[in-house]
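Descriptive analysis of the structure
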Amino acid sequence: MLAQNEIQFPKLGIDLHIDSTAFSIFGIDIQWYGLLITCGLLLAMLYAFRNMRSYGIHPDRAIDAIIGGIIGAIVGARAYYVILEWDSYAGDWKRIFNLRLGGLAIYGGLIGALVVGCLIAKIRKVRILPLLDLCGAGFLLGQGIGRWGNFFNQEAFGCNTNSIFGMTGGRIQSWISDVYPTTTFYHNFGETLDAATPVHPCFLYESVWCLLGFVLLAICGKKWRKFDGQIFLMYIGWYGLGRFFIVGLRVDSLVIGNMRISQMIAAICVVVSVILFIVIGGHVRRMGEDYQLYCNTDDCKAMMAEMDAKHNEEKKKQTTEKNQTKTETTDPLSLQKEETDASATEPESAEEEPSTETDSDSNHE
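This structure is a prediction, so every number in the text was calculated from the model and none was measured.

**Points about helix 2 (residues 59–84)**
- Between its first and last C-alpha atoms helix 2 spans 37 Å; for 26 residues at 1.5 Å apiece the expected length is 38 Å, and the two agree.
- Among all positions of helix 2, only Ala62, Ala65, Ile66, Gly68, Gly69, Ile70, Gly72, Gly76, Ala77, Arg78, Tyr80 and Val82 are buried.
- Tucked inside the fold, the buried residues of helix 2 contact helix 1 (32–51), helix 3 (86–89), helix 4 (93–96), helix 5 (106–123), helix 6 (128–146) and helix 12 (261–287).

**Overview of the side chain of Thr161**
- Among the structural elements, Thr161 can be located in the loop between helix 7 (148–153) and strand 5 (168–169).
- A polar contact is formed between the side chain of Thr161 and the side chain of His200, at a distance of 3.5 Å.
- In this view, Thr161 contacts Gly166, Thr197, Pro198, Val199 and His200; residues no more than four positions away in its chain are not counted.

**Quick look at the packing of helix 5 against helix 6**
- In contact at an axis separation of 12 Å, helix 5 and helix 6 are set at 150° when each is read in the N-to-C sense. Relative to helix 6, the element helix 5 is oriented roughly antiparallel. Where helix 5 crosses over helix 6, the handedness of that crossing is right-handed. Along its contact with helix 5, which presents Ile106, Leu110, Ala113, Leu114, Cys118 and Ala121, the element helix 6 presents Ile128, Leu131, Leu132, Phe139 and Gln143.
- Among the residues forming the contact of helix 5 with helix 6, the class breakdown is 10 nonpolar, 1 polar and no charged.

**Here we look at the pattern of salt bridges**
- Inspection of every chain in the model, using the stated rule, returns 7 salt bridges.
- In this structure, the salt-bridge partner of Glu206 is Arg147, at a minimum N-O distance of 3.1 Å. A residue pair is termed long-range when its members are at least 10 positions apart, and Glu206 in helix 10 (residues 202–223) and Arg147 in the loop between helix 6 and helix 7 qualify at 59 residues.
- Taking relative accessible area as the criterion, Arg147 reaches 14% and is therefore assigned buried.
- Of the charged contacts in the structure, one is a salt bridge between Glu206 and Arg243, with a shortest N-O distance of 3.0 Å.

**Some points on the confidence of the model for the chain**
- With 89% of its residues at a pLDDT of 70 or more, the chain shows a mean pLDDT of 87.
- Note on residues 348–365: pLDDT under 50 across the span, and 0 contacts to partners over four residues away in sequence or across chains.

Criteria and thresholds
Residues numbered from 1 in each chain as written. Predicted model: local features only at pLDDT ≥ 70, side-chain atom pairs only at ≥ 80, totals over all residues. Heavy atoms only, no water. Helix = DSSP H or I, 4+ residues; strand = E, 2+ residues; numbered from the N terminus. Expected span 1.5 Å × (residues − 1). Buried < 20%, exposed > 50% of the residue type's maximum accessible area, 1.4 Å probe, protein only. Contact = heavy atoms within 4.5 Å. Polar contact = N/O pair within 3.5 Å; in protein donor to acceptor, adjacent residues only side chain to side chain. Axes fitted to C-alpha atoms, helices over the stretch in contact; angles between N-to-C directions. Parallel < 35°, antiparallel > 145°, perpendicular 65-115°, else oblique. Left-handed = near helix turned anticlockwise from the far one by under 90°. Nonpolar A, V, L, I, M, F, W, Y, C, P; charged D, E, K, R; others polar. Salt bridge = Lys/Arg side-chain N within 4 Å of Asp/Glu carboxyl O. pLDDT = per-residue confidence, 0-100.

This is the structure:
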C-alpha cells in the first residue's frame, strides 16, 4: 500500500507526493480542489468578458447573470450530488455544506447555472442565446481546469487498466479496499477492483477532452458561427459525447439500478443537441440573408453605440475631475510663491523711502 499522499503513474515512471491541502489560513485548510475550481471559473469569466462585444452582449448587464450563474452552479452541483447520495448525508447537516472534500455533480451545476443565469439575464434584458454561446466555450475551459482538483483528491477514477496512463495512489487503494465494497455501484454492477492494479485516470481524460473542446468552440465562435445558440449546442453535444464514454469507465458513478445517471443524461444531451443543430441550422439556411446574428442587428449596434457613448462620457468626466484635482493641488503652491515674491519686495520699498525723504529735505534747503 502506498502512502495516503502518494500518487503514481507506474508505466510513465511518475511518483509524486502531493498533499490535497494547498495551505492554511488562520487554521482553515484551503484545498487544491477548491483552488482549481476557482481558477477555472476565473479563467472562464476572463474569456467571456474578452469576447462579449463580438457576441453583442452588454458587459455591465451580463456580469449580474454570470455571477448569478456561478452561484447557481455551486448550489445546483452540491444539491444534485447530495440528493442522489442522501443516505450518506442524512443526519449530518454539516457535511452537506463542506465542499472542500468534493461532492459536486457536473450536471447539477449546469442545471443550476442555466436556471439562475438565464433568469437574471431575462431581468437584465440580456439576449440569452448569444450569452449561452459565449458561456458554452467558457464552461469547457473551466471544467478542463477544475477537473485537476480530482487529481489532488485522488478521485474520479475508473476501473483497473494496463494502459500507459494507468494511475494509482494511497487514497485510491484505501478507497478500493475499504469503501468500494459498500457502494451502490458495486452492489448493482458487481464489478471487482484490485487495489494493487492501476486505474483509469478519468479526470485526465475529461480534462483533455474539455480543453480540446474549448479550442474548437473558441475557433468556431470566431469564424463559423451561423446562428445564435449554435456554440452552446456544440458544447452540449461535445461534452455529452466525451462524458458518455468516460463515465462508462468510472466506478464511483451515481447510479439507479444498473444505469449510470450521468451516462444516461450524456446520451440524451448528445441526441437532443444533434437534432436541434440540424433543425435550427436548416431553418437558418432556408432564411438566407433574412437571418442575422444578434450581434449584426441594428438593435445590437445601437446598444453598443449607446454603451460606447456612455463610457466615453464617463471617461471624459473622470479626466475633467482629474484635471480639476490637479489644479486645486497646484493653486496653493502658486499662492505661496506670490506671497514669497511679495515679501521679497517689501524691504526694497522700505529702503527707498528714506532716500526720498533725504532728497526732499535737500531740495527744500
